[in-house]
Structure formats: C-alpha cells, structure tokens
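Next come the chains, spelled out residue by residue.
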Amino acid sequence: MWKLTPLQRNIIIVIALGIVIRYILGVLFTYPRDIASWVVNSENFLMGGGLYGLPGHYYTPVWGYIMAVLTSIAAFTGIPISQYVPDFSGATSALPWYTTLPSIEFALLIKTFLFIVDILVAYAIFKIAMHVTNDERKSFIAMAVWFLCPLTIVISSIRVMFENVEILFLLLSLLMLLQKRPLIAGAMLGISLLVKPYGMFLGILMIGYAYAQTGSLRYTGRYLASIAITGIVLMAPVIVSGELEEALIWLSARAGNVTSGYNVTLLLMPILVVASAVIAYLIAYVRLTDIRLMIAAGLVLTGAMMVMPGNIQYYLLLLPMALLLFSKWVIPLIAMIFLISIYAGVSFTSWSATLYVSNGFWGWENIQGLGEFLYPFEHTLDYDTEKSLTGYAAVLLPIAGLIYRARRLNTEV
C-alpha cells in the first residue's frame, strides 16, 4: 500500500490550507475594478467582437487568450458572465463608469484558474530550490511561504490579477535553463514577457547565464531565437489584424502620463534595462554559474523599479526571487512583503465585498459591517511609503548580503 512521505504529507497540508483560505476570501471579496473590464472582454468574445474589436482589453494579448478560454468554459457550462450592480451607478458610486461586475460563478472560475497557477508556481519554486540547495526542508519552506503568503493569496483571490502567470513562466524559464533546455526556456520567457514585462531584468540576466553555462554561442542563440519566435507567434494574430498599437497601449498610454509613481518608473526602465545588459555581459564574461548571485542581481534591479510606489500586485514578483536566495539578509524584505499584504487586505476589504453583499448571500450584513469597520483604518495607512520601503529593501538588502559575503571570503583567505 502506497504511503505518503512526511514531505508529501506536509505539501498536501499546505496546499489544502491555502486553497481553503483562497476560496473563503474569493467568495466574499472581489476587487471590482480590473475584473470589470475583463467582463467586457468576455461579453465581446460572446458577441464575436474579438480581443481588441471593442474597448475593454488593455494588455498584450496573452491574458486575452486565457480569458477567451475561460469565457468558452463559462459558455459551455452555462455559467453567467456578468450581473448589474446598482451600487455602482449614480454620481456617488465608487466606480461610476462600471455598472456591471462578474457573476459570483464567473469570478470564481477566473480565481480557480489563478489558484491553480499559484500551485504551479509553488511547484516551480520547489524544483528550483531543490536544484540549488538539494535540501528538501529548505525547498518545502520556500514553496510553503509562497503559497501561504498573504500577498499571494490576496492578489489571486481578492485583487484577481494575473501576476502569478507572469511569475510562473519566468520561473519555468529559469528551471529549464538549469536543466539546460534552451528552447523550452526561451519559449517560457517569451510567454512571461508577453503576459507582463516586469520580469525583463531577470530575463536579460538569464541570457548572460545561458552563455555562462556552456560558453557556447550556439546554445545561447537557440535560447534567444526561442524567445523571439515565441513572441512573434503570440503577437502574430494582433499584427495580422492591424491591432498592434492597441496591444501596446499599456505602455504608450502610461509612458505618456507621468502623474503617478509607477508611470515615472516606466520612463526610468531603459536605465534599468541597460544596467541589466551590462550585468548580463559580466555574467557571461566571467562565466558566473552561481544561480543565487544572478537572482540577487535580478532582485536588486526589479526592486529599483518598485521604489516609486506602484500597484500592489507588482510587488509579488519580489517574493519568489527573495525566497530563492536562501539568505538571512532577505528575511526583512519578506517580512515587509507580508506587511504590505495586510495593508492590501485592509484596503481591498472596505469595498471589495460589493458583489457578495449585492447578492444578499448568507451573512452579507456582517461582511458589509466588516468593510465599514475597516474603512476608517484604510485612510490611516501610509500605503505608498510602505511600498517604497519595500522597493528599497529589495535593492539594499541583497547588496548588503553580497558585501558581507565578499568580506567574509576575504577574511578567510
């Protein structure tokens, strides 16, 4: 009779606990903003409007492809897509330009997909950690912290954003590189960058790492060619349909408006890209194969992008990189990520219960009361300062750890 090992049992417990928490929060709370535009996407699909034929999709097409699949599942199973929410109409509404939200069923369909992705990210973290440390205990802790981290849970169950999809393919690319499978690694990175491009700094470093692994231009060229071909294939439908400009509106619209911190960061990203390219060259030149040093550099560059406060979901990308360093120096950063998770939970709870409350489900008065209770606390939180501090921590803590390590090595010599 097959018997679970202690590791397998612990993994099952972590996954089960995380899923239960996600579904409880996912039923009660749904952040109404971005998901409202995805409802428009889904309605467009059902009317044959395509991805960019009607307003509603403001990302590169990969998430749109995923939403098309989820919409098809909903149509096949008879799940209603959306419902009218009168609370969102009128001059005093929180979001007067949206009068519809997803149905509870459709919201849970999207969230279930994101929960599955969370599990796959946990698996990728475990596999990479095992490759780096060959230590089951450390690998389990890394995947468990990811899966049970409040920020991971909030983003997929309440905020309903797809940062975890970007992270999954970025980590799969890294894992495939570690296994010296450049074609698959390149394809995974190409997908990641076209879900969202915020893993580009680590992605550029991985190009240098690909050369450092073998010293082969052919090997590195296969990796680069796979990235390019994947990008072309994914963008081909919008290029053929003449909708490339619409597919890049997330960049053009934000870069032209510097009123928010994150949009300012978009203008600074070329500097970080150049810095990434220089470091990637150095990794290739000295044939650096210590994966943790590359991840540390990626964490520093990504953290620099987030010093100017942006949307909460962007900070999720810092977590797997911090976990894979296995350094005491990043523990404060992980603690700060947990802290902004609490900030996010308080902030979203005050107005993310509308869908549940509007349906009058069991206990809706208590859920509404919870939001009203937390609302005053939301205005006392210095959210942007905490985000900036998290970005600074991501920059400074790995550097401090590297300096300490270098001094220790010099002392030993």
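Located above this text is the structure these notes cover.
Here goes a summary of the coordinates provided. (Residues numbered from 1 in each chain as written. Predicted model: local features only at pLDDT ≥ 70, side-chain atom pairs only at ≥ 80, totals over all residues. Heavy atoms only, no water.)

### Looking at the overall build of the protein
So, step 1. What the protein contains, in helices and strands, is 19 helices and 2 strands.
So, step 2. Residue pairs at least 24 apart in sequence account for 76% of intrachain contacts in the protein once pairs closer than 6 positions are excluded.
So, step 3. When the accessible surface of the protein is split by element, carbon and sulfur atoms take 68% of a total near 18,600 Å². (Helix = DSSP H or I, 4+ residues; strand = E, 2+ residues; numbered from the N terminus. Contact = heavy atoms within 4.5 Å. Areas by Shrake-Rupley, 256 points an atom, 1.4 Å probe, with all protein chains shown as cover.)

### Observations regarding unusual backbone geometry
So, step 1. Not every positive phi belongs to a glycine, and R287 is a case in point at roughly 55°.
So, step 2. Of note, R287 is situated in the loop between α13 (261–285) and α14 (291–305).
So, step 3. Although it is not a glycine, F326 adopts a positive phi angle of roughly 50°.
So, step 4. By the element assignment, F326 lies in the loop between α15 (318–323) and α16 (331–349).
So, step 5. Given the relative accessible area of 23%, F326 is considered partly exposed. (Buried < 20%, exposed > 50% of the residue type's maximum accessible area, 1.4 Å probe, protein only.)

### A look at helix α3 (residues 61–77)
So, step 1. Compared with an ideal rise of 1.5 Å per residue, which puts 17 residues at 24 Å, α3 spans 24 Å between its outermost C-alpha atoms and is within 8% of the ideal.
So, step 2. Those residues of α3 that fall on the buried side of the exposure criterion are P61, V62, W63, G64, I66, M67, L70, T71 and A74.
So, step 3. Count one or two residues on from α3 and you reach G78, which has phi positive near 80°. (Expected span 1.5 Å × (residues − 1).)

### Quick word on the packing of helix α4 (residues 104–133) against helix α6 (residues 150–159)
So, step 1. Here α4 crosses α6 at 155°, and the two axes come no closer than 8 Å. Relative to α6, the element α4 is oriented roughly antiparallel. Listed contacts from α6 to K111, L114, F115 and D118 of α4 are T152, S156 and S157.
So, step 2. Here the contact of α4 with α6 is composed, by residue class, of 2 nonpolar, 3 polar and 2 charged. (Axes fitted to C-alpha atoms, helices over the stretch in contact; angles between N-to-C directions. Parallel < 35°, antiparallel > 145°, perpendicular 65-115°, else oblique. Nonpolar A, V, L, I, M, F, W, Y, C, P; charged D, E, K, R; others polar.)

### As for the environment of V117
So, step 1. Mapped onto the elements of the fold, V117 is located in helix α4.
So, step 2. Exposure remark for V117: the relative accessible area of 3% places this residue in the buried category.
So, step 3. In sequence terms V117 and N164 are 47 residues apart; their C-alpha atoms lie 6.5 Å from each other.
So, step 4. Each residue touching V117, except ones within four places of it in the same chain, is listed here: N164, V165 and L168.

### Here we look at the environment of A129
So, step 1. Looking at where A129 falls in the secondary structure, it is placed in helix α4.
So, step 2. By relative accessible area, A129 is classed as buried at 0%.
So, step 3. Sequence separation between A129 and I141 is 12 residues; the distance between their C-alpha atoms is 9.7 Å.

### Comments concerning the packing of aromatic side chains
So, step 1. Scanning all chains against the criterion turns up 8 aromatic pairs.
So, step 2. Considering the side-chain rings of W38 and F162, the 5.8 Å spacing of their centres and the 50° angle between planes classify their relative orientation as tilted. Within this pair, whereas W38 is found in helix α2 (residues 34–46), its partner F162 is found in the loop between α6 and α7 (163–178), the two being separated by 124 residues in sequence.
So, step 3. Pairing W63 with F113 gives two aromatic rings, centres 6.2 Å apart and planes at 50°, and the pair type is tilted. Placement of the pair is W63 in helix α3 and F113 in helix α4, with a sequence separation of 50 residues.
So, step 4. With relative accessibility at 1%, the residue W63 sits in the buried group.
So, step 5. Here the aromatic residues W38, W63, F113 and F162 are joined through ring pairs into a cluster of three or more.
So, step 6. Here the guanidinium or amino end of R22 rests over the ring plane of F147, the centre of that ring lying 3.9 Å away.
So, step 7. For the cation-ring pair, K196 lies above F162, with the distance from its terminal atom to the ring centre recorded as 4.8 Å. (Phe/Tyr/Trp six-rings, centres within 6.5 Å; stacked < 30°, edge-to-face > 60°. Lys NZ or Arg CZ within 6 Å of the ring centre and 35° of its normal.)

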